[in-house]
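Summary of the model geometry
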Amino acid sequence: MEVRIEPSWKEALKEEFGKEYFSKLTEFVKEEYKSNVVYPLAANIFHAFELTPFNKVKVVILGQDPYHGPDQAMGLSFSVAEGIAFPPSLRNLYKELESDIGKPAPRTGDLTHWAAQGVLLLNSTLTVRAHSAGSHQGKGWELFTDAAISLLSQKKENLVFILWGNYAKAKGMHIDRSKHLVLESAHPSPFSASRGFFGSKPFSKTNEYLIAHGKEPIEWV
């Protein structure tokens, strides 16, 4: 099956594209875009992969679904385009960022500058029906993103995987913790941020690990 995705990821994931689940997923997603309002725009489904090629990945921040409100989802977990109001989870993410590194958070919710530095902003499910959280779960996206995480774990060393919330933590089973750093905490959602997300210091811990392993730290702001 021909899939338009960044070349290094296309090579890494080529076996997935030929599997039955991916064929069924493709048909489901095509039909959803024809029949419903679906986010993100079809051109941005694989945006995270486009901005952060396989050989450039240093950090993975794993989300759940894309945002399901108008104009929010842009194919990068937790990110919204310039000029879009910050969703609650992103506001809390920025609160922790400021507390952690002692600098004001960016004024934009567009996290493209993280992706350009090697932060793969990956959602577990890459599409969602408008105003219907979780509507594209269980259709095959989870198998696809499991494969991406497994390949990163197998083929690379000294990555940082940031898993916020139980849904993301479940992906941890695909990560070799003997050669990667896994940072887990509660999700930045207002429903859970006070139960372990605030004060978890993921941004400074990530950079400490990268520096210790001879990699450039992420400029978060």
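Look above for the structure.
Below, the structure is looked at part by part. (Residues numbered from 1 in each chain as written. Predicted model: local features only at pLDDT ≥ 70, side-chain atom pairs only at ≥ 80, totals over all residues. Heavy atoms only, no water.)

**Re the pairing of strand β2 (residues 59-63)**
Worth spelling out the cut-off: A 1.4 Å probe rolled over the protein chains alone gives each residue an accessible area, and that area as a share of the maximum for its type sets the label: buried under 20%, exposed over 50%, partly exposed in between. Here a strand is any run of E in DSSP of at least two residues, a helix any run of H or I of at least four, and the numbering for each starts at the N terminus. Pairing between strands is defined by DSSP: at least two bridges between the two strands are required.
Where burial is concerned, most of β2 is hidden: five out of the five residues are buried. Residue alternation in β2 divides its side chains into two sets, Val59, Ile61 and Gly63 and Val60 and Leu62, and both sets are buried. Two strands pair when backbone bridges link them, and β2 and strand β5 (residues 160-164) are joined in this way by four bridges, in the parallel orientation. Bridging across to β5, Val59 finds its partner in Val160.

**Here we look at the layout of surface pockets**
Rules: Using only the protein atoms, space was sampled on a 1 Å grid; points where a 1.4 Å probe fits but cannot get out form cavities, open sets with protein on both sides within 12 Å along at least five of seven lines form pockets, and lining residues are those with an atom within 4 Å of a point. Grid points are joined across faces, edges and corners, and a volume is the space filled by probe spheres set on the points. Basically, the charged four are Asp, Glu, Lys and Arg, the nonpolar ten are Ala, Val, Leu, Ile, Met, Phe, Trp, Tyr, Cys and Pro, and anything else, Gly included, counts as polar.
Roughly 530 Å³ of volume is contained in the largest pocket. In this structure, the largest pocket is lined by 25 residues; those nearest its centre are Asp65, Pro66, Tyr67, Ser89 and His187. Classifying every residue of the lining of the largest pocket by side-chain character gives eleven nonpolar, 13 polar and one charged. In this structure, the second largest pocket encloses a volume near 440 Å³.

**Observations concerning the pairing of β5**
Regular strands show a simple pattern: their side chains alternate between the two faces of the sheet. With five of five residues buried, β5 lies mostly within the body of the structure. Residues Val160, Ile162 and Trp164 line one face of β5 and the alternating positions Phe161 and Leu163 line the opposite face, and both faces are buried. Where β5 meets strand β6 (residues 181-185), five bridges bridge the pair, whose relative direction is parallel. Bridging from a neighbouring strand, Val160 pairs with Leu181 of β6.

**Here we look at the pattern of salt bridges**
What counts, and what does not: A pair is scored as a salt bridge if a Lys or Arg side-chain nitrogen falls within 4 Å of a carboxyl oxygen belonging to Asp or Glu.
Using the criterion set out here, one finds six salt bridges in the structure. The partner of Glu20 in a salt bridge is Lys24, and the shortest N-O contact between them spans 3.2 Å. One end of the pair is Glu20 and the other is Lys24, both in helix α3 (residues 20-35) and four residues apart, which spans about a single turn. Lys24 matches Glu20 in its accessibility class, with the two residues each being exposed. Among the ionic pairs, Arg129 bridges to Glu32, the shortest N-O distance being 2.9 Å. You can see Arg129 sitting in strand β4 (residues 128-129) and its partner Glu32 sitting in helix α3, a full 97 residues away along the chain. According to the relative accessible area criterion, Arg129 is partly exposed, its value standing at 33%.

**Comments concerning the sheet that holds β6**
Where we set the bar: Here, axes are lines fitted to C-alpha atoms. For helices the fit covers the stretch in contact, and angles between N-to-C directions go from 0 to 180 degrees. We call two residues in contact whenever any of their non-hydrogen atoms come within 4.5 Å of each other.
Strands sit in the order β3-β2-β5-β6 across an open sheet of four strands; the sheet is parallel. A strand with exactly one partner marks an edge of an open sheet, and here the two such strands are β3 (119-123) and β6. Here the strands of the sheet are splayed against their neighbours by 15° on average, with no regard to which way each runs. Note that β2 and β3 share five bridges and pair parallel. Within β3, the position partnered with Leu62 by the bridge is Leu122. On the sheet, helix α9 (residues 202-212) packs against β2, β5 and β6 and is oriented at approximately 165° with respect to β5.

**Regarding the packing of aromatic side chains**
What counts is decided by this rule: Centres within 6.5 Å make a pair out of two Phe, Tyr or Trp rings, where for Trp the six-membered ring is used; the pair is then stacked when the planes are under 30 degrees apart, edge-to-face when over 60, and tilted otherwise. Lysine NZ or arginine CZ positioned within 6 Å of the ring centre and within 35 degrees of the ring normal marks a charge as sitting over the ring.
Per the stated rule, a full pass over the model turns up 19 aromatic pairs. Consider the rings of Trp164 and Phe197, whose centres lie 5.3 Å apart with planes at 90°: the pair is edge-to-face. Of this pair, Trp164 sits in strand β5 while Phe197 sits in the loop between β6 and α9, placing them 33 residues apart in sequence. An aromatic cluster is defined as three or more aromatic residues linked by ring pairs; in this entry it consists of Trp9, Phe17, Tyr21, Phe22, Phe46, Phe49, Phe54, Trp141 and Phe144. Taking the ring centre of Phe54 as reference, the NZ or CZ of Lys156 above it sits at 5.8 Å.

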